[in-house]
Amino acid sequence: MSQKMDGELLHKFERMKRALAKGELDRRGFIVAALGAGVAGSSVFGHVKKVQAATPKKGGRFVQALTGGGSGDTLDPAQILDSYMINVSSGMLRNNLTEIAPDGQLVGELATSWEASPDAMTWTFKIRPGVEFHNGKTLEAADVVASLNHHRGENSKSAASGIVSNISDVKADGKDTVVVTLSGGSADFPFLMSDYHLGICPAKDDGSIDWESGVGTGGYALTSFEPGVRTEVKRNPNYWKEGRAWFDEVESLFVADANARNTGLQTGELHSIANLDLNTVSLMRQVPTLKVFETFGNKHATLPMMCDTAPFDNPDVRLALKYAIDRKELVEKILQGLGEVGNDHPIGPANIYRATQEELPQRQFDPEKAKFHLKQAGLDSLSVDLHLADTAFEGAINAGQLYAETAKQCGININVVSEPDDGYWSNVWLAKPWCASYWGGRPTEDWVFSQIYASGAEWNESKWDNARFNELLVMARAELDSTKRREMYVEMQTICNEDCGSIIPIFMAYTHAVSAKIGLPDQIANNWELDGHKNAERWWFE
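None of these values were measured; they are calculated from a predicted model.

(A) Expanded view of the side chain of Ser502. Relative to the elements of secondary structure, Ser502 occurs in strand 18 (residues 502–508). Every residue in contact with Ser502, bar those within four places of it in the chain, is listed here: Leu303, Pro304, Lys322, Asp344, Tyr453, Glu461 and Ser462.

Laid out in structure tokens, this is it:
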């Protein structure tokens, strides 16, 4: 009998908790009802405390330390280079047509809906009504047209040029509809519209955009911007998203040094840091005033060799260097196990068309094969410079030194050149013949291949040009049969593995630590660090 009564009471308590969550009971009503039903006070008040902590509330000044900044940072969305400006521009100031939700699904942001023609060559987007820019201007289709055109044209230097290269025309159909015509079908086109370069800015009378002011439709409006130092924003009181942008103000500091970030967090000067020193993660987990967590997605490190520059213009040299690296050692010693080995292609565990081990066997450290390919290149030995900074990815310099040691066994001398963090993305990446970088959460194969590996793409960091790969890129983009599409993407991964100029040795977790005062949602996005770089609008003070 008592067990039955306990079961009935538990059922009643669960119903009360659901009523509280839905707002059908206020806190006082919940307490009175639960205690009156005979629920123990510890259970009642414990649940109330838990709900209060998990319920977002507005207020406070949030201070975070970001990596990937520099004195060359700009508010121009076409020139966003790394995580600092992704977080500021895409996470606070501006919105896109579409957004990757925390569960990885594509949802509308400034677009309420979209539909494609049967051949996926024409896409029609309906624009969300009643949205205002920070300056009070009402969002219209013309703003979207101008924002997309900002990245187009033969002379475009936009980092999104590879993404929009398939667009042959974009026009407004009234004030609330945008029609995009493509040169070839693209089943993934709405996903591409969530790229952080494609934030919507207000159009000017001449058809260009006002990017200089930082004005957007995002949850926060710009108050100050010091490139490579700090950015300050305040909450947009007219933000159109309900239940978002909880902080009154956000200050974002560029802090390259991991120890400085850690110290700032533990002294209370900072509320959030990412890209932790992986050697200290286990110790940080023991600090009661911190929450330490990681997310796993498609983040990976690359070592791009420029294929138009000797000796990297020789595919056998590239293969020799790919066989000369011990990937397992990097996962163990650099990532402290928080990651997995890469296989010299960028398609990660969160992608649906990733090649299996049976389709594409994992490349191993193999000195004999490295020596074989050196010989095929007409070389008995090789000496090359590798330009690194830890802003390229966590532990990049140490990884380079480990690589140099294993390469010696292959007759290869790698001279690790340590570069300053500040200016790395402007002066080293895309400038030096061999360096390091990292890439985050492109959710589709077409996206990552188009932006980084397609011939002529602005961010083709290895200057690689493979005719068969480029042909497959266009074919796979338009293919609607998933089986045929998979075959094409697996072949493209194989071509990358065997020929492309990027060594991709590791996939890495996104690592974070925040003050225990920070409230976090139940599901945190894994497409980028910091909740998909939307932490400023998704987190709150408890």
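Right, picking up where we left off after that structure.
(B) The arrangement of the sheet that holds strand 7 (residues 177–182) in detail. Read across the open sheet, the four strands follow the order 4-5-7-6; overall the sheet is antiparallel. Looking at strand neighbours, the two that pair on one side only are strand 4 (111–116) and strand 6 (167–172), the edges of this open sheet. Each neighbouring strand pair of the sheet contributes to a mean axis angle of 15°, computed without reference to strand direction. One ladder, built from five bridges, connects strand 5 (residues 122–127) with strand 7; its direction is antiparallel. Counterpart to Trp123 in the pairing with strand 7 is Val180. Running over the sheet, helix 5 (residues 141–149) touches strand 5, strand 6 and strand 7 and is turned about 155° from strand 6.

(C) Here's a closer look at the packing of helix 10 (residues 315–323) against helix 12 (residues 367–376). Orientation of helix 10 relative to helix 12, taken along the N-to-C sense of each, is 165°, at an axis distance of 8 Å. Considering their axes alone, helix 10 and helix 12 lie roughly antiparallel with respect to each other. For helix 10 against helix 12, the interelement crossing comes out left-handed. Across from Asp316, Leu319, Ala320 and Tyr323 in helix 10, the residues of helix 12 making contact are Lys369, Ala370, His373, Leu374 and Gln376. By residue class, the composition of the contact of helix 10 with helix 12 is five nonpolar, two polar and two charged.

So, how was this worked out
- Residues numbered from 1 in each chain as written.
- Predicted model: local features only at pLDDT ≥ 70, side-chain atom pairs only at ≥ 80, totals over all residues.
- Heavy atoms only, no water.
- Helix = DSSP H or I, 4+ residues; strand = E, 2+ residues; numbered from the N terminus.
- Contact = heavy atoms within 4.5 Å.
- Pairing = 2+ DSSP bridges.
- Axes fitted to C-alpha atoms, helices over the stretch in contact; angles between N-to-C directions.
- Parallel < 35°, antiparallel > 145°, perpendicular 65-115°, else oblique.
- Left-handed = near helix turned anticlockwise from the far one by under 90°.
- Nonpolar A, V, L, I, M, F, W, Y, C, P; charged D, E, K, R; others polar.

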